[in-house]
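Letter by letter, the chains look like this.
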Amino acid sequence: MTLLQVMPEDDATTVLVRTRDSAEISAQLAPFGITLENWDTVDLPAGAGQDEVLAAYRSEVDRVAKEGPYPLVDVVRLVPDDSDPDWQAKADGARTKFLDEHTHDEDEVRFFVEGIGCFYLHLDGKVYAVVCEAGDLMSVPAGTTHWFDMGSRPHFCAIRFFQEEDGWVAGFTGSKISAAMPTLDELPAA
């Protein structure tokens, strides 16, 4: 179940809000134009490819793509593979890429097919940590200051929606606030 934890930007030890109530999470995020919705999940074979994933969620994907409009849709998957000696290094590189605070020139829209990831939204002097799980669709408007953590042992599959091929490039703010906040690995146990 989705988790929201809100902290002051200058004190990660103080928890202002911590909830798994979807209505409360939506109410906390709505003033910033951020939406979170939940789709029924579909059982897919392990390692299902892009075509299988998109076919399984075709009606929802088509609706979101049209409403966006988001003409470009793909699937990204990162799951532990201990048989690959380079897997952890690849995972660490992928994780590090988006751990620093940044913005995008277009909306960031992700549906979690499996696994988890955390969007940290830096808004009005607070940090909103939203742990998304399978079935969650999160939409973050263009220009929203945020970062993303997939954890130290990433396991997720997500459908990504884009407006343009190069619109998802990160514009880093230079802030080190992300280093002062709890990581995804620390949030569920907090």
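So, about the pattern of salt bridges. Counted by the stated rule, this structure contains ten salt bridges. A salt bridge links Asp84 to Lys90, with the nearest nitrogen and oxygen atoms 3.0 Å apart. For Asp84, a relative accessible area of 21% translates into the label partly exposed. Salt bridges sharing partners connect three or more residues here, namely Glu37, Arg63 and Glu67.

The final tally for this structure, using the stated rule, is ten aromatic pairs. When the ring of Trp39 is compared with that of Phe111, the centres are 4.1 Å apart and the planes differ by 25°; the resulting orientation is stacked. One end of the pair, Trp39, is in the loop between β3 (35–38) and α2 (50–56); the other, Phe111, is in strand β6 (residues 108–123), and 72 residues separate them in sequence. On the basis of relative accessible area, Trp39 is assigned to the buried category, the value being 4%. Considering the side-chain rings of Phe112 and Phe119, the 6.5 Å spacing of their centres and the 85° angle between planes classify their relative orientation as edge-to-face. Note on Phe112: relative accessible area 1%, which makes it buried. Grouped by ring-pair contacts, the aromatic residues Phe112, Phe119, Phe148 and Phe156 constitute a single cluster.

The peptide bond linking Gly68 to Pro69 adopts the cis configuration, its omega dihedral lying at -10°. You can see Pro69 is positioned in the loop between α3 (58–67) and β4 (72–78). The residue Asp124 is not glycine, and still its phi comes out positive at about 45°. Tracing the sequence through the fold places Asp124 in the loop between β6 and β7 (126–133). On the basis of relative accessible area, Asp124 is assigned to the exposed category, the value being 69%.

Bringing the nonpolar core into the picture now. Among the nonpolar cores identified, the biggest contains 27 residues, and Leu29, Phe119, Leu121 and Met138 are the most heavily contacted of them. Breaking this core down by element, the ones donating at least two residues are β1 (3–8), α1 (22–29), α4 (87–97), β6, β7, β8 (136–140) and β10 (156–162). For this core, the element with the most residues is β6, which contributes four residues. Those residues in contact with Leu121, other than ones at most four positions away along the chain, are Leu29, Ile34, Lys126, Val127, Tyr128, Val130, Met138, Val140, Thr144, Thr145 and His146. Grouped together as the second largest cluster of nonpolar side chains are 16 residues, Trp39, Ala48, Val64 and Cys157 included.

This part is about the environment of Met150. Its place among the elements puts Met150 in the loop between β9 (146–149) and β10. Residues contacting Met150, with those up to four places away along its chain left out, are Leu78, Ala94, Arg95, Phe156 and Leu184.

By secondary structure assignment, the location of Thr19 is in strand β2 (residues 17–19). For Thr19, the side chain forms a polar contact with the main-chain nitrogen of Asp21, separated by 2.9 Å. What Thr19 contacts, discounting residues up to four positions off in sequence, is Thr2, Leu3, Leu4, Glu24 and Ile25.

What follows covers the environment of Glu186. Checked against the element boundaries, Glu186 lands in the segment after β11 (171–172). Classification of Glu186 by relative accessible area gives partly exposed; the value is 44%. It is 25 Å that separates the C-alpha atoms of Glu186 and Arg160, two residues lying 26 residues apart in sequence. Within the structure, Glu186 has its side chain in polar contact with the backbone nitrogen of Thr183 (distance 2.8 Å).

Here we come to the pairing of β6. Burial runs high along β6: 13 of the 16 residues are buried. Relative to β10, β6 runs antiparallel, the two sharing six bridges. Paired with Glu114 across the bridge in β10 is Cys157. In terms of strand pairing, β6 meets β7 through eight bridges, oriented antiparallel. Across the sheet, Gly117 pairs through a bridge with Cys132, a residue of β7. Bridge count between β6 and β9: four bridges; the pairing is antiparallel. Across the sheet, Cys118 pairs through a bridge with Asp149, a residue of β9.

Reading guide: rules and limits
Residues numbered from 1 in each chain as written. Predicted model: local features only at pLDDT ≥ 70, side-chain atom pairs only at ≥ 80, totals over all residues. Heavy atoms only, no water. Salt bridge = Lys/Arg side-chain N within 4 Å of Asp/Glu carboxyl O. Buried < 20%, exposed > 50% of the residue type's maximum accessible area, 1.4 Å probe, protein only. Phe/Tyr/Trp six-rings, centres within 6.5 Å; stacked < 30°, edge-to-face > 60°. Helix = DSSP H or I, 4+ residues; strand = E, 2+ residues; numbered from the N terminus. Core = buried A, V, L, I, M, F, W, Y, C linked by side-chain atoms within 4.5 Å. Contact = heavy atoms within 4.5 Å. Polar contact = N/O pair within 3.5 Å; in protein donor to acceptor, adjacent residues only side chain to side chain. Pairing = 2+ DSSP bridges.

None of this, on its own, says anything about what the molecule does.
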